[in-house]
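Here are the chains, one letter per residue:
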Amino acid sequence: MATFKQIKGFVFDLDGVITDTSLYHTKAWRQLAEKLGVAWNKDLEEGLKGISRMDSLELILKTGGKENDYSHDEKVALATEKNTNYVNEIKKMTPANILPGIKDFLDDLRDKGYLISLASASKNGPTVLKQLQLTDYFPKVVDPATLSKGKPDPEIYTKGAELLDLAPEECIGVEDAEAGIQAINAAHETSVGIGDAKTLAAADVRFDDTAQMTLANIEKAMG
Ligand code: BG6
Ligand code: MG
């Protein structure tokens, strides 16, 4: 693992790290899964975190043994239906939806001169940042439409560091999803996980919640 002194930038996931949109993604996918007759379970719920819209739909269909039941066009229509429901939820979001401690953490990073980029798989990322009034904190955003592979592939985190003109070893990636921690580790950045110890066992540093994520606590954990 890199030392804290080497770190010059932070590459952030959005959903479940900056804000609790993971609840809205879950609600919208669950609604669709149940309509398609696919039983919901916790492993499926966790597995959907961090992965792209179409990969999410494929995982739901596979879980229900329905991977061969729909044409490409039908799948696109189903994913669009989920997204419409999701977008209706995020339109109601305000800065009150920023997770505890995140605003202070971003201010601290900015004050201390750390560079910041966004590595979210979500095509709705810029809309969510706007709703939260955080757009100015993220001058560099990886466009998920440019990716050839989604998380757990390292591509999105590699691009997040490149946008900052930093080497991977100079970056910390922050994630709430297992697929995201795998992506950060494979990109040779330092991984900070937010959430459950079992799910995020591969994280270099882990906190139970966003309120614990401070530079002092990260430095303590990295040494
Ligand atoms: C990730 C979420 O950030 O973005 C996933 O964790 C979601 O749950 C993915 O499926 C894609 O989001 P969107 O908004 O492009 O459908
Ligand atoms: Mg996430």
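In this text the structure is predicted, and so the values were computed from the model without any measurement.

Quick notes on the overall build of the protein chain
Next up, step 1: For the protein chain, the count of helices and strands is 9 helices and 6 strands.
Next up, step 2: The C-alpha atoms of the protein chain give a radius of gyration of 17 Å, which matches the 17 Å a tight globule of 223 residues would have.
Next up, step 3: Taken along its principal axes, the extent of the C-alpha atoms in the protein chain is 50 × 30 × 30 Å.
Next up, step 4: For the protein chain, buried positions account for 48% of its 223 residues.

Things to note about the domain arrangement of the protein chain
Next up, step 1: Domain parsing of the protein chain yields domain 1 (4-19 + 97-222) and domain 2 (22-91).
Next up, step 2: Put simply, the middle of domain 1 and the middle of domain 2, counted by C-alpha atoms, are 24 Å apart.
Next up, step 3: Of the roughly 1,100 Å² buried between domain 1 and domain 2, counting both surfaces, carbon and sulfur atoms make up 49%.
Next up, step 4: In terms of surface lost to domain 2, no three residues of domain 1 exceed Asp15, Asn124 and Gln131, which account for 34% of the buried area on that side.
Next up, step 5: Here domain 1 and domain 2 share 0 salt bridges between them.
Next up, step 6: For the interface between domain 1 and domain 2, the tally reads 4 residue pairs in polar contact (both at pLDDT 80 or more).

A look at the pairing of strand S1 (residues 9-12)
Consecutive side chains along a regular strand alternate between the two faces of the sheet.
Next up, step 1: The alternating pattern of S1 places Gly9 and Val11 on one face and Phe10 and Phe12 on the opposite face, and all of these are buried.
Next up, step 2: Note: S1 against strand S2 (residues 115-118), 4 bridges, orientation parallel. Opposite Gly9, over in S2, you have Leu115 as the bridge partner.
Next up, step 3: Bridge count between S1 and strand S4 (residues 171-175): 4 bridges; the pairing is parallel. By the bridge assignment for S4, Val11 is matched with Gly173.

Calculation rules
- Residues numbered from 1 in each chain as written.
- Chains lettered and ligands numbered in written order.
- Predicted model: local features only at pLDDT ≥ 70, side-chain atom pairs only at ≥ 80, totals over all residues.
- Heavy atoms only, no water.
- Helix = DSSP H or I, 4+ residues; strand = E, 2+ residues; numbered from the N terminus.
- Rg over C-alpha atoms; globule rule 2.2 N^0.38 Å.
- Buried < 20%, exposed > 50% of the residue type's maximum accessible area, 1.4 Å probe, protein only.
- Domains from an automatic or database assignment.
- Buried area = accessible area lost by both parts, 1.4 Å probe.
- Salt bridge = Lys/Arg side-chain N within 4 Å of Asp/Glu carboxyl O.
- Polar contact = N/O pair within 3.5 Å; in protein donor to acceptor, adjacent residues only side chain to side chain.
- Pairing = 2+ DSSP bridges.

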